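Structure assessment
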Amino acid sequence: MKLTFWGAARQVTGSMYLLELEDGFKILIDCGTDLDQQKMEREKTLGHYSLFPFEPSEINLVLLTHAHIDHSGNLPNLVKDGYEGQILCTTATMPLADLLLRDSAMLNVKRMKELQNAPVSSKSKKSRRSVKDKKKPFRFNPQELYLEAQVDETAERFVTVGFNQKFKVSKNVNVTFIPTGHLLGAANIVLEIDENGTKKTIGFSGDIGRRNYPLLLDPQRMPPVDYLLCESTYGSRRHTNKEAPVEALEKVIRQTCVDQPGRLIIPAFSVGRTQALLFVLNKLYTTQGFPPIKVFSDSPLALRSTKVYEKNVHLLNDEAKDFYAKNEELFDFENLTYVQDMKQSKAIANYGEPCIIISSSGMISGGRVEHHVMTNLANPLATVLLVGFAAEGTLGYKLLHGMKSLSVSKDKEIPIMASIQSIDVFSGHGDLDDLTEFVEYQSPEKLKKLFLVHGEYESMQSFEQHLNQRGYNNVEIPKWGDEFDL
Ligand SMILES: [Zn+2]
């Protein structure tokens, strides 16, 4: 059989791997949006648009590790381009992927308008691009911009399976989804393939979570496989905060909203990160008698995904299950307001008491959080707390790297008086130690090949060296389009 790396190859986004068996059966593992600049360079080199360098109608099955858009975001394009098979994922991944794909379709409408408005000079017409995008080239090929109708067609193809249940997908192939923490429903996938009487196993890591993450199960051990694909997002880094999420957050809130009458703005992804924050806050208020500072959860997508978490309590960790058994809710406390519309969102600026605002996007690149941050940057009693990764070029990245003022127009500059802080206890990705543990479930003698994917190239090289020192000498860092006979 042949494995080809059509995404997340020496870069973080765009996960997509094609497995072609000798009997002709073709399986695509993940089909994510590629947000890296390499895509544009590749298009320039190839001279044409290359979203799928294979024929989508010839794929027999898609396996989806989890709902994040860099793993699922191109599924509607795959369907649009002729894919007619099933998309297999876990029961919680399906509703979260559905929400995220619909959110993307909504953003695509804005992106289409951006494209239409592109030639208009910013002097004559107010630019619609977000703070992050203003100096960046447009990252999407127009053909990538699907709409809700394509998401509807995609949604019809989802078929769900439970965790740890071996599922026969063809005469010669069994699939098992193994919990990996990271996000509700997220899985590693193990394929057992019988080729001409020889059994071969391949493990796809998806994204690897971390232990003791709020709400989520710890990543589970993957059984021994012949070939392993391992994500490498944190292949060269260790998380620095050693305290538990509840302690880390309590400390920041005390500093920013109790010891001073301030407001704390937490940019957070709507799916996953926001639920972790709300649950930790709920614990602080409900079980630890923390002063009831007002909390605004300001993201419609967050509210919808919170409902998915509430429907899937049985898939959460024991702590969350116990909390639910005692309190009959996970994300609802007296001083919490779910903000509905934009008018309510803007009105938070007039709230005079200390408060906590959780809003997306996590990197401050679009979304309602932008106006919360902008209206508070010059406020010395405000704090912006970054709780996740902020890519270069985003406002989150610039704030973290000591930006002194923000230019909002030709003659208006906002001085940054707010305090800028960050913590990594809410990062959903395992760090170097977690990734090492994941690999070390496999014996270096038995593992035929270890492929590093889903990471910056330098991080992967460093991770490779680290693994070499532990006896794993069969490591590959595939480039886009590299194929291997397994
Ligand atoms: Zn992910």
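Now for a description of the structure that goes with this document. (Residues numbered from 1 in each chain as written. Predicted model: local features only at pLDDT ≥ 70, side-chain atom pairs only at ≥ 80, totals over all residues. Heavy atoms only, no water.)

Describing the sheet that holds strand β21 (residues 475-476)
Short version of the rule: At least two bridges found by DSSP between two strands is the condition for calling them paired. Every helix listed is a DSSP run of H or I at least four residues long, and every strand listed is a run of E at least two residues long, numbered separately from the N terminus. Working rule for contacts: check all heavy atoms of both residues, and any pair within 4.5 Å makes them a contact. Think of each axis as a best-fit line through the C-alpha atoms, taken over the contacting stretch in the case of a helix, with angles from 0 to 180 degrees between the N-to-C directions.
Taken together, the seven strands give an open sheet; going across it, the order is β7-β8-β9-β10-β11-β20-β21, and neighbouring strands pair in mixed fashion. The outermost strands of the open sheet, each flanked by one partner alone, are β7 (167-170) and β21. Looking at chain direction, strand β8 (residues 173-179) and strand β9 (residues 187-195) are connected through seven bridges and run antiparallel. Note that in β9 the partner of Ile 178 across the bridge is Asn 188. Sitting on the sheet, helix α13 (residues 432-440) touches β9, β11 (227-231) and β20 (449-453), and the angle it makes with β11 is about 170°. Helix α14 (residues 457-468) contacts β11, β20 and β21 of the sheet and is inclined by roughly 150° relative to β20.

Details of the side chain of Ser 232
The condition is simple: Two N or O atoms form a polar contact when they lie within 3.5 Å of each other; inside protein one atom must be a possible hydrogen donor and the other a possible acceptor, and for residues adjacent in sequence the pair counts only when both atoms belong to side chains.
Residue position: Ser 232 is located in the loop between β11 and α6 (245-258). For Ser 232, the side chain forms a polar contact with the main-chain oxygen of Cys 230, separated by 3.4 Å. If near-sequence neighbours (up to four positions away) are discounted, Ser 232 is found in contact with Leu 435, Leu 452, Val 453, His 454, Gly 455, Ser 459, Met 460 and Phe 463.

A word on the coordination of the zinc ion
Our working definition: With water omitted from the atoms examined, metal sites may look incomplete; donors here are N, O and S atoms no farther than 2.8 Å from the metal, or 3.2 Å in the case of Na, K and Ca. Just to be clear on the cut-offs, tetrahedral is four donors with all angles between 85 and 135 degrees, square planar is four donors and octahedral six with opposite donors over 155 degrees apart and all others between 65 and 115, and anything else goes down as irregular. Buried, partly exposed and exposed residues are distinguished by accessible area as a fraction of the type maximum, computed with a 1.4 Å probe on protein chains only: under 20%, between the cut-offs, and over 50%, respectively.
Only His 66 (NE2), His 68 (ND1), His 182 (NE2) and Asp 207 (OD) from the protein reach the zinc ion as donors, at distances of 2.1 to 2.3 Å. In this structure, the zinc ion is surrounded by four donor atoms whose angles at the metal cover 92 to 166°, and the resulting shape is irregular. With relative accessibility at 0%, the residue His 66 sits in the buried group.

Some thoughts on the sheet that holds strand β3 (residues 26-29)
Picture the strands of a sheet paired through backbone hydrogen bonds; they go either parallel or antiparallel. Pairing is mixed across the open sheet formed by seven strands, whose spatial order is β6-β5-β4-β3-β2-β1-β22. Taken across any chain shown, the strands that pair with only one partner, and hence form the sheet edges, are β6 (158-161) and β22 (483-485). Between one strand axis and the next, the sheet turns through 20° on average, direction left out of account. Relative to β6, strand β5 (residues 86-90) runs parallel, the two sharing four bridges. Bridging across to β6, Cys 89 finds its partner in Thr 160.

Considerations on the packing of α6 against helix α7 (residues 273-288)
The cut-off we apply is this: To sort the angles, those under 35 degrees are grouped as roughly parallel, those over 145 as roughly antiparallel, those from 65 to 115 as roughly perpendicular, and the leftovers as oblique. Residues are grouped as follows: nonpolar covers Ala, Val, Leu, Ile, Met, Phe, Trp, Tyr, Cys and Pro; charged covers Asp, Glu, Lys and Arg; every other residue, Gly included, is treated as polar.
With their axes 10 Å apart at the nearest point, α6 and α7 run at an angle of 80° to one another. As judged from the angle between their axes, α6 and α7 are roughly perpendicular. Between α6, through Pro 245, Val 246, Leu 249, Glu 250 and Ile 253, and α7, the contact on the second element is made entirely by Leu 277, Val 280, Leu 281, Lys 283, Leu 284 and Gln 288. For the contact of α6 with α7, a count of residues per class yields eight nonpolar, one polar and two charged.

Observations regarding the pairing of strand β15 (residues 355-359)
Burial within β15 is extensive, with five of its five residues counted as buried. Across the two faces of β15 the burial is the same, with Cys 355, Ile 357 and Ser 359 and Ile 356 and Ile 358 all buried. In terms of strand pairing, strand β12 (residues 263-267) meets β15 through five bridges, oriented parallel. Across the sheet, residue Arg 263 finds its bridge partner in β15, namely Cys 355. Where strand β13 (residues 294-298) and β15 come together, five bridges link them in parallel fashion. Each residue of the ladder has a partner; that of Asp 298, found in β15, is Ser 359.

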